[in-house]
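Structural overview for review
Now for the letters of each chain:
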Amino acid sequence: RNYPKAKIDVLVQQGQITEDILKHNPDTNKVILFNFLKQGTPRSLLFCYNLRKEKYDLSITLYPQARYHYTGISFLIGAKKRIGFHYQSQPLNLNSLFYHNVLYEDLNKHVVENNLKILEALNILQKRKPKLHLHLKKINENFATKFLKKNKIKKPVVIHAGSGTMKNFTSKRWPLSRFA
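Since we're looking at a predicted model, the values are computed, not measured.

**Re the confidence of the model for the protein**
For the protein, per-residue confidence averages 86 on the pLDDT scale, and residues scoring 70 or more make up 92% of the total. Ranking the elements of the protein by mean pLDDT puts helix α8 (residues 176-179) last, at 76, and strand β3 (residues 58-60) first, at 95.

**Examining the layout of surface pockets**
Looking at the second largest pocket, its volume works out to about 270 Å³. If you go around the second largest pocket, you meet 16 residues; those closest to its centre are F36, L37, S44, H69 and I73. Secondary-structure elements contributing two or more residues to the lining of the second largest pocket are α2 (36-52) and α3 (68-76). Top element by residues in the lining of the second largest pocket is α2. It accounts for seven residues. Looking at side-chain class alone, the lining of the second largest pocket contains seven nonpolar, eight polar and one charged residues.

**Some details on the packing of aromatic side chains**
Tallied over the full model, the rule gives eight aromatic pairs. Consider the rings of F34 and F47, whose centres lie 3.9 Å apart with planes at 10°: the pair is stacked. Here F34 is found in the loop between β2 (30-33) and α2, whereas its partner F47 is found in helix α2, with 13 residues between them in sequence. An identical accessibility class is assigned to F34 and F47; each is buried. An angle of 25° between the planes, with centres 6.2 Å apart, marks the rings of F143 and F147 as stacked. Pair noted here: F143 and F147 are both in helix α7 (residues 138-150), with a separation of four residues, about one helical turn.

Criteria and cut-off values
- Residues numbered from 1 in each chain as written.
- Predicted model: local features only at pLDDT ≥ 70, side-chain atom pairs only at ≥ 80, totals over all residues.
- Heavy atoms only, no water.
- pLDDT = per-residue confidence, 0-100.
- Helix = DSSP H or I, 4+ residues; strand = E, 2+ residues; numbered from the N terminus.
- 1 Å grid on protein atoms, 1.4 Å probe; cavity = no way out; pocket = protein on both sides within 12 Å on 5 of 7 lines; lining within 4 Å.
- Points joined across faces, edges and corners; volume = space filled by probe spheres on them.
- Nonpolar A, V, L, I, M, F, W, Y, C, P; charged D, E, K, R; others polar.
- Phe/Tyr/Trp six-rings, centres within 6.5 Å; stacked < 30°, edge-to-face > 60°.
- Buried < 20%, exposed > 50% of the residue type's maximum accessible area, 1.4 Å probe, protein only.

The structure is reproduced here in C-alpha cells:
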C-alpha cells in the first residue's frame, strides 16, 4: 500500500514448500528458490552475482534467520538498503557491518511481532495489525472443500503447537498462556 509500484521478489532457501506457499501471492512478482547449503559456495556466489544484476533497492532478511550466511547474501546481492536483525546468540554484531538498519530481536515477542519492526524501519506506520492471507490456487481450495465435506467436518480446527528446537524457533511457538 505504501509503495504500489514496488516490484517484490522473495528469495526462499528452505525448500519447495515455502515456494509453494508464496508463489500465488498477488503481492509478489517472483518467488526465487535457491538452496544455498546444497548448492555450495561457488554456485551460491554465482547466484548472488546474478541477483546483483537486478539492482534491488531494498533487501530485507526476516527474523529469525540467525546465520551470518543470510547477512552475507543480503550484502552480496548489492541492494542499496539492507535491513536485518542482530541476535543475542551471535557474540559479535557483525550484521551491523552489512546491514544499513540493524533491528534487535525481542525474545519476549512472537516472530511475527519481531518482523513487524521492519515496517517501522521503513517509516511505515500501521493503524491495525495486519491480517494473514494465504493465497491458494482454486484447485487447492476445491480439494479442501471436498475433503471436509467427505469427512463430515463442519468446523475444522488446526493446531500447530510447536516448532523446531533450534535457537529462535522457540519464538515461533504459541505461548502457553494463549492456549487457555
